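Working through the structure, step by step
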Amino acid sequence: MILTMDINQKRLWRTLMELAEIGGTSPIDVHGVTRLSLTKTELRARQYVIDLMKDSGLSVQVDAVGNIIGKLEGTDLELPSVMTGSHIDSVPHGGRFDGTLGVLGAIEAVRTMKEAGIKLKHSIEIVSFTDEEGARFGAGFIGSKGMAGELTETTFSLADDKGVTYREAFLAANLNPTLYKQAIRSDEQIKAYIEMHIEQGKVLEEHDLSIGIVTDIQGPVWLDVTLEGAADHAGATPMDMRKDAGLAMAEVLLAVEAISKEHQGVGTVGKMSIEPGGVNIIPGRACFSVDLRHIRKERRQHMVDDLHEQVEAICNQRGVTYNIDVKKEVEPATCSHEMVGLIDEVCTELNIRAMKMPCGAGHDALIMSKLAPIGMIFIRSKQGISHSPKEWSDAEDCKKGTRVLLHTLMKLAQ
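Below or above, wherever it landed, is the structure these notes cover. (Residues numbered from 1 in each chain as written. Predicted model: local features only at pLDDT ≥ 70, side-chain atom pairs only at ≥ 80, totals over all residues. Heavy atoms only, no water.)

**Brief notes about the pairing of strand β7 (residues 219–228)**
- Within β7, seven of the ten residues are buried, leaving the element largely enclosed by the surrounding structure.
- As paired elements, β7 and strand β10 (residues 285–294) share ten bridges and run antiparallel to each other. Among the inter-strand pairings, E228 is bridged to a residue of β10, identified as R285.
- Bridging between β7 and strand β11 (residues 321–329) involves eight bridges; their strand directions are antiparallel. Looking across to β11, one finds that E228 is bridged to T321. (Buried < 20%, exposed > 50% of the residue type's maximum accessible area, 1.4 Å probe, protein only. Helix = DSSP H or I, 4+ residues; strand = E, 2+ residues; numbered from the N terminus. Pairing = 2+ DSSP bridges.)

Here's what the structure looks like:
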């Protein structure tokens, strides 16, 4: 291994800023970047990535679910590929680094290998996965699910807020939704998957470290909860005669917090609404989301079960009915011990301080764990901010992470 080999920090940073301009509304630090999956804006970003891959000497193909795959062929084409990458779609008014660092950093790492004349036995595939965020249609990980054989035909019936279905968006992007199963890869084709990503939290910053080595990835369960009470007059209805869906919701929100702490997981209520919404009307209906996560599937199920019990008890006490729908459920994943050890070994050899840590957010690596051993490299996030125009990772940290990725890929593919 050539441990003195480094990446071109200026070139990497330039590509990060150039891609940020596609979907970025000036000033970006105020309005952020909006690249919802398969919109015209995101299609422009996809073309930028394709062109960059080709300029870096990679062969490029787009699979049946829109994953962009750039390949550096190894000397033995019979061997499985080492895979790396992330995504370039964003949430509304998101940041410049979420997902894109994993794609552009991987391109920079492989480009550096080519420039140094490095020859490796295993091929390296860089993937820009389709719609990791799920911000447009409400269902994420489309590209990685398609590759792992986890995508279902019902996904294509989902519609965005303008009524455009996923099927229509696929066709507009010159993709045939009926062929989605052609994107499936077998576990024999992929030796390992490694993803570099910004941390999106404050742990690394609190420890004054640039790099984190992920050990486990929490899997989310998304629930939509609807509580039905009675919308009565705020002045004429005594307190002991009310069926207040709003107060029932308030109790459930506190229950989410208590359950999450008890099981050492995390729980969030990020969306809520009450109806009719008048200042002098008792809420007759309350709707809200619940996001429950844990690195252990059985512990997460205990969280879900406890929430059901709490909702039932609260609603019975207040004379309110309820309904809970599961909108999304992704199994947690544990990173390969070998991959964790390999990344740790590279950090030591490069004299880069790092720490092992769990991952709270969902990533394509979570889905790819069904196909291959996975590893993740985290990069420090300033103040832990992400999914925001204020999302920021310093150029030096991006360089360090990409250098770790470079040498990890070389060890995996040698």
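**Let's talk about the packing of helix α4 (residues 100–115) against helix α12 (residues 395–413)**
- Packing of α4 against α12 leaves a shortest axis separation of 9 Å and a crossing angle of 60°. Considered as vectors, α4 and α12 are oriented oblique to each other. The handedness of the crossing between α4 and α12 is right-handed. Residue-level contacts link L101, G105, A106, E108, A109, T112 and M113 of α4 to C398, T402, L405, L406, L409 and M410 of α12.
- Residues that form the contact of α4 with α12 fall into these classes: nine nonpolar, three polar and one charged. (Axes fitted to C-alpha atoms, helices over the stretch in contact; angles between N-to-C directions. Parallel < 35°, antiparallel > 145°, perpendicular 65-115°, else oblique. Left-handed = near helix turned anticlockwise from the far one by under 90°. Contact = heavy atoms within 4.5 Å. Nonpolar A, V, L, I, M, F, W, Y, C, P; charged D, E, K, R; others polar.)

**Some details on the nonpolar core**
- Formed by 83 residues in total, the largest nonpolar core has its most connected members in M113, M368 and I377.
- Among residues more than four places away in sequence, those in contact with M368 are M83, F129, S144, M147, I190, Y193 and I374. (Core = buried A, V, L, I, M, F, W, Y, C linked by side-chain atoms within 4.5 Å.)

**Examining unusual backbone geometry**
- Of note, the bond from S26 into P27 is cis; its omega dihedral lies within 30 degrees of zero at -10°.
- Within the secondary structure, P27 is located in the loop between α1 (9–21) and α2 (28–31).
- Of note, the amide linkage connecting E275 to P276 takes the cis form, showing an omega dihedral of 5°.
- On the secondary structure map, P276 appears in the loop between β9 (272–275) and β10.
- Here D131, not a glycine, exhibits a phi torsion of approximately 45°, which is positive.
- For D131, the location among the structural elements is in the loop between β4 (124–129) and α5 (142–148).
- Even without being glycine, N351 reaches a positive phi, approximately 60°.
- Residue position: N351 is located in the loop between α10 (337–349) and β13 (354–359).
- On the accessibility criterion, N351 (71% relative accessible area) is exposed.

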